[in-house]
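Residue-level structure breakdown
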Amino acid sequence: MPIEPLSFGTETYLAEPDPVPVELSVSRMTGGGYALHIAFSASISGPCMRCLQPAAPSVDVEAREVDRPGGGEELDSPYVTDETLDLAAWVRDAFALALPAKIVCREDCAGLCAICAANLNTAGPEHFHEPEPDPRWAKLRELRLE
Ligand SMILES: [Zn+2]
Ligand SMILES: [Zn+2]
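Residues numbered from 1 in each chain as written. Chains lettered and ligands numbered in written order. Predicted model: local features only at pLDDT ≥ 70, side-chain atom pairs only at ≥ 80, totals over all residues. Heavy atoms only, no water.

Below, the discussion takes up the coordination of the zinc ion (ligand 2). Distances from the zinc ion (ligand 2) to its protein donors, Cys 113 (SG), Cys 116 (SG), His 127 (NE2) and His 129 (NE2), fall within 1.9 to 2.3 Å. Every donor counted, the four donor atoms about the zinc ion (ligand 2) form angles of 104 to 114 degrees at the centre, which fits tetrahedral coordination. Each donor residue of the zinc ion (ligand 2) lies on the same chain, and together they follow the pattern C-x2-C-x10-H-x1-H. By relative accessible area, Cys 113 is classed as buried at 10%. The partly exposed category is assigned to Cys 116, whose relative accessible area is 37%. (Donors = N, O, S within 2.8 Å, 3.2 Å for Na, K, Ca; no water. Tetrahedral: all angles 85-135°; square planar, octahedral: opposite > 155°, others 65-115°. Buried < 20%, exposed > 50% of the residue type's maximum accessible area, 1.4 Å probe, protein only.)

This next bit is on the coordination of the zinc ion (ligand 1). Ligation of the zinc ion (ligand 1) by protein atoms is provided by Cys 48 (SG), Cys 51 (SG), Cys 105 (SG) and Cys 109 (SG), these donors lying 2.3 Å from the ion. Each of the four donor atoms around the zinc ion (ligand 1) contributes to a set of angles spanning 106 to 116 degrees, which defines the coordination as tetrahedral. Ordering the donors of the zinc ion (ligand 1) by residue number gives the pattern C-x2-C-x53-C-x3-C. For Cys 48, a relative accessible area of 1% gives the class buried. Here Cys 51 falls in the buried class, since its relative accessible area comes to 3%.

The residue Met 29 is located in the loop between strand S3 (23-28) and strand S4 (34-47) in this model. Residues Met 29 and Arg 68, spaced 39 residues apart in sequence, show a C-alpha to C-alpha distance of 8.2 Å. Apart from residues lying up to four places away in sequence, Met 29 is in contact with Tyr 34, Ala 35, Val 66, Asp 67 and Arg 68. (Helix = DSSP H or I, 4+ residues; strand = E, 2+ residues; numbered from the N terminus. Contact = heavy atoms within 4.5 Å.)

Judged by nonpolar contacts, the single largest core of 29 residues is most densely connected at Ile 3, Ile 38, Phe 40, Ile 44, Trp 90 and Phe 95. Among the secondary structure elements, those contributing two or more residues to this core are strand S2 (11-16), S4, strand S6 (58-67) and helix H1 (87-98). Discounting residues that sit within four places of it in the chain, Trp 90 has contacts with Leu 24, Leu 36, His 37, Ile 38, Ala 63, Arg 64, Glu 65, Tyr 79 and Leu 85. (Core = buried A, V, L, I, M, F, W, Y, C linked by side-chain atoms within 4.5 Å.)

On to the pairing of S2. Relative to S2, strand S1 (residues 6-8) runs antiparallel, the two being bridged by three bridges. Following the sheet pairing, Phe 8 is matched in S2 by Glu 11. Where S1 folds back onto S2 in an antiparallel hairpin, the turn is made up of two residues, including Gly 9, whose phi is positive at roughly 60 degrees. The sheet contact formed by S2 and S4 spans three bridges and is antiparallel. Across the sheet, Ala 15 pairs through a bridge with Ile 44, a residue of S4. (Pairing = 2+ DSSP bridges.)

Encoded structure:
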């Protein structure tokens, strides 16, 4: 099942593998209609949202839908129309919902230095900038000198 690329901000993220193997099970419900279940694992690859290096966290996705004609809104799956399942749309939405809020290369990614944009994962803990003297304090110092 191909998953369309997702974009966050100006970056595009691709689902892998492509196509993603999706396990679909459909069971007929007593009283009509269908209960549907999908499960798949995919990773999303693109720039880490903290350090911009390549990231590809993987997610396990599982989703259920129920569709029973005349069953009211709760039993009317938006992905089923006239007994035809739009699996691609469902897989894409389920994947988007399962994604972490931030796509990072690793949980403890240190990100980029706020001052010089160096990658803090490789720059190491000794990466440090002398704090800029606050202009207000500089003024105070001047006053004291007078
Ligand atoms: Zn990162
Ligand atoms: Zn820096």
